[in-house]
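Residue-level structure breakdown
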Amino acid sequence: MSNTQKLKEVALVFFKLGLFAFGGPAAHIAMMENEVVTKRKWMSREHFLDLIGATNLIPGPNSTEMTMHCGHERAGSKGLFVAGISFIFPAVFITGILAYLYVSYGTLPEVQPFVKGIQPAVLAIIASAIFKLGKKALKNWELAVIGVVVLVASLLGIHEVIALLAGGLLGMFYFWLKDRSTNTTINSLSPLLFFVSSEVITKVSTLKVFLTFLKVGSILYGSGYVLFAYLDAELVTTGLLTRAELIDAIGIGQFTPGPVLSTATFIGYQLHGFWGAIAASAGIFLPSFIFVLLLNPLIPKMRQSKILRYFLDSVNIAAVAVMLAVLFVMGKETLIDWRAALILLISAILVFKFKKVSVIWVIIIGAILGYTLAFIG
């Protein structure tokens, strides 16, 4: 297959995911694993785990950066950009349309019944990915202990990045002490960070919108939901946006597919119309392209180093543990009535029993069930 054909394949896969990837980073990564590892076998499950572990250590939206890594693995640096843009575009486009409707008419379409059906279906998809990735990551009892520790820490409210790093370092030093014969040294892999100040710009110009979201995208660690705390400080406390408008923007991020950071598109449109939406979208996602472009070539080298291999193995099991903690929290918030439980059961049967059924169909079926069951008392 030529590289041009591979690029087309990458574009199609991630555009499709961008249209149907609901449920946040854990769900997005679960759908990606199904598409690029299980179905298409672009890489081994172990390497996919390495990419998850490495992505969790750099700023930016984890699932979006995973699309870039996967695109790079399939079609090189061009594939990185094609995958990222293809995944981001549907969310940005849909959010832009909703922003126009909101600003022009002050209302949004009623989609809550569909969301209520999608959420339980997403739980089944995440559970399937955890099961498959966990089997590959769990190589010995020591890693199992690290996974349990990280799981407990996450459930107790420890920030996911801190839990991942602590798990990685704990495992690295334990296995290094266990294997004292190694002389491998640790290379410094400090991520490049951008700290851009927009203080000198006094009005809400397109440039200010771009620089504000560039700064946020450069220092945003962990889940995309952390974005809202940053935006409250950057926009609400400075008077550029009301808190009610920010809450509406958060709602948009919850029920549109793709990365939750597409909320930036909605806010950009509120601040400066069409070009504000473009500027905010470009600013929030640009750092991720740069970080992944710099990091991707280093991951195989990390695997070649024995002590860094220990670190990656430990971070990988920690990442699975964090996904499990997310699943637990999402389950408590989602499974609030018999409708959600029924949709979860049907979705789980589709995901675990009928493995050839695409997870996208699971999402669609969940949405239809959510809408249908909403009318049953």
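Please read these numbers as outputs of a predicted model, since none were measured by experiment.

Okay, the packing of helix α7 (residues 160-178) against helix α13 (residues 306-334) next. Taken N-terminus to C-terminus, the directions of α7 and α13 make an angle of 140°; their axes are 7 Å apart at the nearest point. With respect to α13, the element α7 is oriented oblique. In this structure, the crossing between α7 and α13 has a hand that is right-handed. Contacts from Glu160, Leu164, Leu165, Gly167, Gly168, Leu169, Gly171, Met172, Phe175 and Trp176 of α7 reach α13 at Ile307, Tyr310, Phe311, Ser314, Val315, Ala318, Ala319 and Val322. Partitioned by chemical class, the residues of the contact of α7 with α13 number 13 nonpolar, 4 polar and 1 charged.

The next point concerns the nonpolar core. Side chains of a nonpolar character, in soluble globular proteins, are inclined to be buried together. Phe14, Phe48, Ile126, Phe213 and Ile267 are the most contacted members of the largest nonpolar core, which totals 107 residues. In terms of residue count, the dominant contributor to this core is α13 (16 residues). In contact with isoleucine 126, other than residues within four places in its own chain, are Ala26, Ala27, Ala30, Met323, Leu327 and Met330.

Under the defined criterion, the tally for this structure stands at 10 salt bridges. Between glutamate 33 and lysine 132 there is a salt bridge whose closest N-O contact spans 3.0 Å. Taken as a pair, glutamate 33 in helix α2 (residues 25-39) and lysine 132 in helix α5 (residues 112-137) lie far apart in primary sequence, 99 residues in all. Each member of the pair glutamate 33 and lysine 132 is classed as buried.

Turning next to the side chain of glutamate 65. Among the secondary structure elements, glutamate 65 is positioned in helix α4 (residues 62-105). With near-sequence residues (within four places) excluded, glutamate 65 lies in contact with Thr55, Ile58, Pro59, Gly60, Ser288, Phe291 and Val292.

Of the residues in the protein, 87% reach a pLDDT of 70 or more, and the chain-wide mean stands at 82. Segment residues 182-202: pLDDT under 50, and 37 contacts once partners within four positions in sequence are set aside and those in other chains are kept.

Parameters at a glance
- Every chain's residues receive numbers from 1 upward, in the order its sequence appears when written.
- Per-residue local features are limited, in this predicted model, to residues with pLDDT of at least 70; the limit for side-chain atom pairs, both in listing and counting, is 80 or more; totals at the level of whole chains, interfaces and linings are taken over all residues.
- Note that the side-chain values use all heavy atoms of the structure and ignore hydrogens as well as water.
- To get an axis, a line is fitted to the C-alpha atoms, and for a helix only the part in contact is used. The angle between two axes follows their N-to-C directions and goes from 0 to 180 degrees.
- Numbering of helices and strands runs from the N terminus; a helix is a DSSP stretch of H or I covering at least four residues, while a strand is a stretch of E covering at least two.
- The cut-offs work like this: below 35 degrees is roughly parallel, past 145 is roughly antiparallel, 65 to 115 is roughly perpendicular, and the gaps in between are oblique.
- Left-handed describes a crossing whose near helix is turned anticlockwise from the far helix by less than a right angle; the clockwise case is right-handed.
- By definition, residues are in contact when any of their heavy atoms lie within 4.5 Å.
- Amino acids are sorted into nonpolar (Ala, Val, Leu, Ile, Met, Phe, Trp, Tyr, Cys and Pro), charged (Asp, Glu, Lys and Arg) and polar (every other residue, Gly among them).
- Buried Ala, Val, Leu, Ile, Met, Phe, Trp, Tyr and Cys residues that are joined via side-chain atoms within 4.5 Å together make up what is termed a nonpolar core.
- Remark: exposure states derive from per-residue accessible area (1.4 Å probe, protein chains only) relative to the maximum for the residue type, with buried under 20%, exposed over 50%, and partly exposed in between.
- What makes a salt bridge here is a side-chain nitrogen of Lys or Arg within 4 Å of a carboxyl oxygen of Asp or Glu, nothing more.
- Every residue is assigned a pLDDT by the predictor, reflecting its confidence on a scale from 0 to 100.

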